[in-house]
Amino acid sequence: MYIALHNHTYYSLLEGASSPEAYVEQAVRFGMPALAITDRDAFYGVVPFSQAATKAGIKPILGAEITLAKGGNLVLLAETQLGYRNLSRIITMARAGQEKGTAALPWQQLTDYSAGIIALSSGRQGEIARALFHRDIDKATQIAERYAALFGRNNFFLELHRHHDYDNEHVTEGLKYLSEKLNLRLVASGDVHYVSQEQANLQDILTCIRYRTPIEKAGALLLPNDEFYLRSPAEMRDLFEDMPDAIQASLDIAERCQAHVPQGPQTFPKPPLPPGYHPESYLRTLCYIGLKRKGPFPNLRRYEELLEHEIKIIVERNVTNYFLLVWDVVQFAHEKKILCQGRGSAANSLVAYLLDITPIDPLACGLVFERFLSPERQNPADIDIDFASNRREEVIQYMYQRFGPDQIAMACTFNTFGARQALRDVGKVFGFSKSQLDLIIDQLDTHSAEGLRHSPKLREKFGDLLDSETWQQLIEYSAALDTYPKFLGIHVGGMVIATRPPLVESIPTEPASMPDRSVTQWAKEQLEAAGYAKIDILSLRTLAAIEDALDLIEKKLGKRPNLRRLKYNDRRVYNMICRGETIGVFNIESRAQANLIPDYLPRNIADITRQIALIRPGPIQANMVHPYLARRKGLAKVKYLHPLLEPALKETLGVILFQEQVLMVARDLAGFMPGEGELLRRALGSKRPDAEIEAFREKFLAGAQAKNVPLPIAQKVFEQLKAFGGYSFSKAHAAAFAVIAYWSAWLRCYYPAEFFTGILRNQPMGFYPAHTIVSEAKRFNIQVQNLDIRTSPRQTTFVDNVIILGLDYVKDLSTEAIERLEIERIRQPFTSLEDLIRRAKLSRRELENTIMAGGLDYMGERRDLLWESIEAFYLARRPHHLPFKKAPGQKVKLKPMTAMEKLRTSFAYTGVAVEQHITALRQDVFSANGARSTKDLSKLSTGSMVKVGGLITIKQMPRGVKGVCFLALEDAHSLVNVTVLVDIYDKYEEEIRAFAIINAEVRRKGTTVYLKAKEIKAV
Amino acid sequence: MPAVRSRRFLNLLVEHFPTRLESILHARDISNEPVVVLRSWDECVLDASPLAMAQGVKRGDSRRRVQQLCPKAVLLPARDAVYQSHHDSLQAILSQFAKAVEVTALGDWIIEVSDLARAYPSEKDLALFLVAKIDQTILLTPTIGVAANKFTAAKAARQALEQNRRVMMVPPDKERHFLAPLPLTALPNPPAELLRRLAMFDITTLGEFAEFRHVDVIEQFGSDVVVLHDLARGIDLRPLVPFTLPPSLVKTVDFDHPIKDSSILLNNLELVAAEFSVELTARDHYTAALSALIRTADGVEHRLGTSLKSPSADVKDLKLAVGRLVIDLKVKAAVVGFTLTAFPLRDWTQVAEQPSLFDARFLDKFLERREQAKKAAHKVQLKFGETMLRLAATLDPPLPIPIEVEISEAGVPIRLTWNDLSRKVNCIEKKWRDRHSWWRPGQLIRRRYYQVEAREGEVYVVFQDQEGHWYLDRRRVFGEHVYRPS
């Protein structure tokens, strides 16, 4: 027998070509009782590896190959739990202060944390092997002695490889010599980079991607041959026939390694408690205070019962401190007036509501706590909170300061290749040009590996070319890389905190690309699998826009509206929404939503909650949108497949709209416990294997039968649940979003100028580009002022009833330059280009962009200024006291910009068009083609054909609507919805670009006019 | 004061020279066929037929890219010697008309015809005469541009090609007018920054660019752009740079008596090599290759060649090289004489030695160095024009020689045989496996290498390929125990 102790999985990020699960499968095939993974400076893969190994009944050995600061690598295996903690720290220290993706461990730090670790000398990259390769036996001896002294003679092994690479035997002989001389044991190993020899090509490709080099030029960067695979014990025995003890050593080491992945929930920091309180009593007290503050409640007893039920589960699940921690963060935000709001499944919790974490009363909204936390489902608690995007960093830094870098880090994400990116990367490796790859990817109608292999569009475009060996290689290897991790990213907001032991002793951390941030080496899924709880500190630009709007209102009126006191029943607000005036309104501004509104006509916050949940792939795929609308309008009767479904689906007129309803249906129709219902929902939502879903189906049908539900009905209901799947909102989530939607709608209704200013300040956000927001503001007779460096503020603002575009709209104008501009113009107005350059220290590109954006129009013609800017730079650089006498000469005559050119350049350099609508650039073409303006549409009767010219600002193809495309066509007068059916879309897909003339049929829903496209022509 | 007569230049262009030549040599019409000629040393595109180019194939593209872009392309290996000889023959025709001929590229020449036109009724007659003459010689119809300077003449020749004419004359003082409608990209290697800024001023043609005053151009775009501005104005003061091959060193030795002892042959070759070394050093030149023509008593001439890994003038390197020639010599008859030729390179080629720049031993610096090299090359091209920098042709390693190998029961070599000489293997010093080129369709290379010591103490590297054939690898550096696998 033999145990492979040095294996790189694909979590070595481009240094391994197989998944941990594939290693485990192969080890099982070989009958290995244990297996190690030793990814490069990382524990990225230990969770999936441990899970797979434990499931397969083999012992997982946890380790890593560490890069040393002075050069060379060392393989470290965790022998004991102390060793695991030390190794986790070692990885963290090796990564600290290094560039992303690199590591370098100083020797001193290794000496401090060597206990409980077994070290192997590593292969070709090991210090000893390197010295032997250079024929420096003395140096090799010194190094080996140093390691033996550090780890102990029993814990340091000389690692032998036989990859049949050049000079391998020389190194082997050297190691044998050292073994005898220093009385150190040899261990046979593999330095494995892929499970089977067939994956050697994939490894070569990954290497090329890592070094960004085409394979033709990779040369010695590639591994020398295909011998770096996981060998069977029999093969290893033959290979090391002359050294049986080296094979035996692998077994001895495996026997000794007992460390395992620490399981959560982690220990959360204890909050500062008032005297006489412990966490549970403190949480209970805070909740009862909240209950009193938020009351009175008509049925207080129910609230109290639910509260006690929730606290019981919270205590059982050992997450009391977690709740107090989140409460602390939210308190901080409230104190600092940072707009924030909990969302997601946490809104199912009454405790979260009472602690001001979420705005939703779960009892009033009929929400189920088990959707968030249940005794059956051992998922960790996970609370998502949205913060105003411009101030989220304050919250994150508060947490880092409060807990220290050893105890807190953000969750990482593993950015996988994805079929398209893989195609691009592999294409580059094979020498395809960028334009070729653009062409191929342009044709790609899929995001999956399977789709890539069988893409009809690729076949149609490239024909027999696809069958050539080169193309086959391109497609096969790209598909193979689809799910492989490529690089480490940072989770949008997930923070993990642990105190005893500190986080870095359970999960290594490493610096993030952003300064002052660190990330864990486990991603969200791995944290969840190991039972670690996190808090999601998310960023929402809408909240920032709302906050900015509130600031402007306060500045103007001296009073800040309190949005939390709104009653959500303002008729003017709902009337505005029903008129379809929703641009900028959170979550109900999309084209698909705009299309829905004339049929839906929301009148209260519950309606908005349902409206948000309705336009999701789940309800669309399950064909629930139209039945729901028909029933809502009274055109169809509300019916239930079985009377038992009525309590669950009454609120949504017999159709399933919310995730919670899956739980309720399963409970009422099939007797599922709430926790079981959640497991069913997750299984349906995450496309689990058919066998797993089948098991649920059987249980569901059996449960339904026990309740005397006829089998065909039960089957039909289960199919509906399956179609509904996971692409849907929980009611709690939709309700939380509905609150923000209402806030934004209310601001748009009563303070449109401030509202649009807030949105313009926080671009990019929402569905619409800045120029559409500007046009929308102008449609409401709000004046917008173009850039002018004399008056434009840093950010867009609203003063004296005019929106003034901010300097941050000038393309590539740095924050520092804007700051200098603001300061210097206060000192003294800019008198010339030279003066501007000298004092604001603008770079050439910044000055050019400011000129082209129109910011210096007051100084003269744009092209003249551009021309003069060169001389201005020379002048600005000369010492102040030297006079400059310009030689007399003829002034260059440049073509002055026409109004249209100015419009075009302003748009190109700011992204907005203030003077005129951007469609003015194509007005001549529209007129020549007989295209009409959107203004004329109201005069046309339903069913009449019209040609309209404008700018396509939005193209939306919601998943599940079978290829129907929603466009927003905009001109100076308005923005009109255009529905493009599949056949038309297929025919004119290439024509759907910026400016277009659309030949369409006029349709109406109430007072709203929309178009059904028949023909599209790009202009 | 006598009027100053303007100078006149003639650009003779045989577009797609290699491809068209191949079509003649293969007697096939390439007008409807995508034909691509690949350079012999790196299999990149030397030239492609118009149809292949229409499908996106560009000069310098790799073979793989050509196969991706144009799977039906007929790929032909370049026959450098053939092209060169035809190129030379056309050049010889031009040389009859002008003593200085500038070679811009293969099939592209410029000559000065200021005085020549007097011998013909008109410049056009001269041009047409040249066209006819070349047409007769190798059936390749050229196009000709005649103008007052090289740049305008070159543009005129291309214009003639585009307009399907044989000759395009640009009358004196009409250069600026002729160039005016051409786009800015017609300039040789216009800097991207220049194009960007001119676009901001809505300047798109050479004519509009030419409108600027010289002083303004210098102030706005820097002095580097002055040459381009001059060209746009129809002013090209660049002189004709006649092309001359660096002279080869050739020496012939005839023996008084036929010799059978190869050591005598070697001694004589080494003497000549030493003479070459002195000569090369005096000229500050290096040689990249040596060739020998060995004449034997049976009247047969044996051609041998060897390349120097790094161009050199060092006597030791040259002696080693002639040593390799003698080792490769497979003759049984007595030698009656030889001619040794060295192909010198200009001194600057030594600086462009690429292997040291990308040495795999410096992997950590690899990417950085490559980027630096790219930037440097780009700067050189910007400064001196694209044609001033050409890719140095790294010499391919010598091909392995098929040999016979006797193997032991364990499958390792025990005896090597080639050139009718047998070497018994004393011991296997090293063995390793190599696998590469799997990405080239049908070209996977999988080898088992052995570094062996023969009975006489020489060390050889041999390998067995995936089909079981044995070869002697000749990349090993003589005299050193250092070998870097590819």
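Reference entry: report on the structure contained in this document. For every chain, the first residue of its written sequence is number 1, and the numbers climb from 1 along that sequence. Lettering of chains starts at A and numbering of ligands starts at 1, both following the order in which they are written. Only residues with pLDDT of 70 or above have their local features reported here, since the model is predicted, and side-chain atom pairs are shown and tallied only from 80 upward, although totals for entire chains, interfaces and linings are computed over all residues. As a convention, hydrogens and water are excluded, and side-chain values are obtained from all of the structure's heavy atoms.

1. Observations regarding the overall build of chain A
Counting secondary structure elements, chain A contains 42 helices and 21 strands. Radius of gyration here uses only the C-alpha atoms, and the compact-globule reference equals 2.2 Å multiplied by the residue count raised to the power 0.38. Taken against the 2.2 N^0.38 rule, which gives 31 Å for 1019 residues, the C-alpha radius of gyration of chain A at 33 Å falls within 12% of a compact globule. With respect to the three principal axes, the spread of C-alpha positions in chain A is 95 × 95 × 75 Å. Counting the 1019 residues in chain A, one finds 61% classified as buried. Residue pairs at least 24 apart in sequence account for 71% of intrachain contacts in chain A once pairs closer than 6 positions are excluded. Each accessible area value is a Shrake-Rupley result obtained with a 1.4 Å probe; residue values ignore everything except the protein chains displayed when judging cover. For chain A, the accessible surface area stands at approximately 41,200 Å², while carbon and sulfur atoms represent 51% of it. What counts as a helix is a DSSP run of H or I of at least four residues, what counts as a strand is a run of E of at least two, and both are numbered from the N terminus. Here the term buried applies to any residue with accessible area under 20% of the maximum for its type, exposed to any over 50%, and partly exposed to those in between, with areas from a 1.4 Å probe on protein chains only. Here, two residues are considered to be in contact whenever any of their heavy atoms come within 4.5 Å of each other.

2. A short note on the nonpolar core
Only buried residues count toward a nonpolar core. Its members are Ala, Val, Leu, Ile, Met, Phe, Trp, Tyr and Cys residues joined through side-chain atoms within 4.5 Å. One finds Phe700 of chain A together with Phe209 of chain B to be the most contacted residues of the largest nonpolar core, which totals 170 residues. Residue contributions to this core peak at 15 residues, all from helix H33 (residues 731-750) of chain A. Discounting residues that sit within four places of it in the chain, Phe700 of chain A has contacts with Ala666, Leu669, Ala670, Phe672, Ala714, Val717, Phe718 and Leu721 of chain A. Within the second largest apolar cluster, 108 residues are counted, among which are Ile205, Val319, Ile383 and Leu465 of chain A.

3. As for the pattern of salt bridges
A carboxyl oxygen of Asp or Glu within 4 Å of a side-chain nitrogen of Lys or Arg is what we treat as a salt bridge. Here the structure, examined in full by the defined rule, presents 95 salt bridges over all chains. The shortest N-O distance in the salt bridge between Arg579 of chain A and Glu581 of chain A comes to 3.0 Å. By relative accessible area, which is 21% here, Glu581 of chain A ends up partly exposed. The residue Asp216 of chain B makes a salt bridge to Arg213 of chain B at a minimum N-O spacing of 2.9 Å.

4. A short note on helix H2 (residues 46-56) of chain A
For an α-helix, 3.6 residues make a turn, and residues three or four places apart therefore share a direction. All names here are of chain A. Buried residues of H2: Val46, Val47, Pro48, Phe49, Ser50, Ala52 and Ala53, and no others. Looking at the buried residues of H2, the elements they touch are helix H1 (20-30), strand S1 (34-40), strand S2 (59-67), strand S12 (518-523) and helix H21 (524-529). Just past H2, the residue Gly57 takes up positive phi, approximately 80°.

5. A short note on the pairing of strand S19 (residues 470-473) of chain B
All names here are of chain B. In short, DSSP must find at least two bridges between two strands for them to pair. Two strands pair when backbone bridges link them, and strand S13 (residues 401-402) and S19 are joined in this way by 2 bridges, in the antiparallel orientation. The residue bridging Ile401 from the neighbouring strand is Leu472, located in S19. Bridge count for strand S18 (residues 459-464) against S19 is 4 bridges, and the pairing is antiparallel. Counterpart to Phe463 in the pairing with S19 is Tyr471. Following S18, the chain reverses through 5 residues before pairing antiparallel with S19; Gly468 in that reversal takes a positive phi of roughly 90°.

6. As for the packing of aromatic side chains
Describing an aromatic ring pair means giving the distance of the ring centres and the angle of the ring planes. Any Phe, Tyr or Trp ring, taking Trp's six-membered ring, that has another such ring centre within 6.5 Å forms a pair; planes under 30 degrees apart are called stacked, those over 60 apart edge-to-face, and the others tilted. Scanning all chains against the criterion turns up 49 aromatic pairs over all chains. Measuring from centroid to centroid gives 5.6 Å for Trp522 of chain A and Tyr532 of chain A, while their planes differ by 85°, and the two rings are edge-to-face. Of this pair, Trp522 of chain A sits in strand S12 while Tyr532 of chain A sits in the loop between H21 and strand S13 (534-540); the two residues are 10 residues apart in sequence, bridging distant segments of the chain. Residue Trp522 of chain A is classed as buried on the basis of its relative accessible area of 0%. Relative accessible area serves as the criterion here: at 4%, Tyr532 of chain A is assigned to the buried category. Counting every residue linked through ring pairs, the aromatic cluster contains Tyr10, Tyr11, Tyr44, Phe414 and Tyr484 of chain A. Directly above the ring of Phe672 of chain A sits Lys699 of chain A, whose terminal nitrogen or CZ lies 5.5 Å from the centroid. Two thresholds decide whether a charge sits over a ring: the Lys NZ or Arg CZ must be within 6 Å of the ring centre and within 35 degrees of the ring normal. Across from the ring centre of Trp418 of chain B, 3.8 Å away, lies the NZ or CZ of Arg423 of chain B, which sits over that ring.

7. Brief notes about helix H11 (residues 279-294) of chain A
Residues and elements named next belong to chain A. In this model H11 runs 22 Å from its N-terminal to its C-terminal C-alpha over 16 residues, within 8% of the 22 Å that 1.5 Å per residue would give. Those residues of H11 that sit buried are Pro279, Ser281, Tyr282, Leu283, Leu286, Cys287, Gly290 and Leu291. Against helix H12 (300-316), helix H13 (320-335) and helix H14 (350-354) lie the buried residues of H11. A helix is expected to span 1.5 Å for every residue after the first.

8. Overview of the sheet that holds S1 of chain A
Residue and element names in this part refer to chain A. Strand order in the open sheet formed by 6 strands is S1-S2-S3-S4-S5-S6, with mixed pairing between adjacent strands. The open sheet is flanked by S1 and strand S6 (185-188), the only strands paired with a single partner. Looking at each pair of strands side by side, their axes are set apart by 35° on average, direction ignored. What counts as an axis is a line fitted to C-alpha atoms, over the stretch in contact for a helix, and the angles between N-to-C directions run from 0 to 180 degrees. Against the sheet, helix H6 (residues 137-151) engages strand S3 (73-78), strand S4 (117-120) and strand S5 (156-160), with an angle of about 135° to S5.

9. Points about unusual backbone geometry
Residue and element names in this part refer to chain A. Backbone torsion omega between Gln763 and Pro764 reads -5°, so that peptide bond is classified as cis. For Pro764, the position within the fold is in the loop between helix H34 (752-761) and helix H35 (770-779). One non-glycine residue, Asp191, adopts positive backbone phi at about 40°. Tracing the sequence through the fold places Asp191 in the loop between S6 and helix H8 (200-211). In this structure, Asp800 is a non-glycine residue whose phi angle is positive, near 50°.

Remember that the coordinates give geometry; whether it matters functionally is a separate question.
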